[in-house]
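# Overview (structure and organization)
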Amino acid sequence: ASTVTDRSIDSVSIPHEGKEEYGNMWQKVRAMWSYVYVHYFDSYDWFHIGGDDMYVLVENLRLYLESEDIVTASNGGEHP
């Protein structure tokens, strides 16, 4: 998300309530999730959001998504 749409770097302006400041992160994240839902919900199984201060260990993420709790949740509470 950005305050400017620039297709050359795949940034999209997503308006949100409140000021453009770190203290208003909740409104910014809420607006991003709304945008993802409207534009991409049917295209992907999982979504992940993070900032420039986040590091993802892909192997840990894979193991988490394959865990019984997550598989059960993705099946609407039914065990596979």
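Residues numbered from 1 in each chain as written. Predicted model: local features only at pLDDT ≥ 70, side-chain atom pairs only at ≥ 80, totals over all residues. Heavy atoms only, no water.

## A short note on the overall build of the protein chain
The helix and strand inventory of the protein chain stands at three helices and zero strands. The order of α-helices and β-strands along the protein chain, N terminus first, is α-α-α. For 80 residues, the compact-globule estimate of 2.2 N^0.38 gives 12 Å, and the C-alpha radius of gyration of the protein chain, at 16 Å, exceeds that figure by more than 25%. In terms of overall dimensions, the protein chain has C-alpha extents of about 45 × 30 × 25 Å along its principal axes. For the protein chain, buried positions account for 14% of its 80 residues. Surface exposure of the protein chain reaches about 6,900 Å², of which carbon and sulfur atoms provide 54%. Here the protein chain contributes 5 positively and 14 negatively charged side chains, and the mean placements of these two sets differ by 10 Å. (Helix = DSSP H or I, 4+ residues; strand = E, 2+ residues; numbered from the N terminus. Rg over C-alpha atoms; globule rule 2.2 N^0.38 Å. Buried < 20%, exposed > 50% of the residue type's maximum accessible area, 1.4 Å probe, protein only. Areas by Shrake-Rupley, 256 points an atom, 1.4 Å probe, with all protein chains shown as cover. Lys, Arg positive; Asp, Glu negative; His and termini not counted. Charge placed at Lys NZ, Arg CZ, Asp CG, Glu CD.)

## Details of helix α1 (residues 25-40)
Spanning 16 residues, α1 covers 22 Å between terminal C-alpha atoms, matching the ideal 22 Å at 1.5 Å per step. Within the sequence span of α1, burial applies to Q27, K28, A31, M32 and V36. (Expected span 1.5 Å × (residues − 1).)

## So, the packing of aromatic side chains
The final tally for this structure, using the stated rule, is four aromatic pairs. Considering the side-chain rings of Y40 and Y44, the 6.3 Å spacing of their centres and the 55° angle between planes classify their relative orientation as tilted. (Phe/Tyr/Trp six-rings, centres within 6.5 Å; stacked < 30°, edge-to-face > 60°.)

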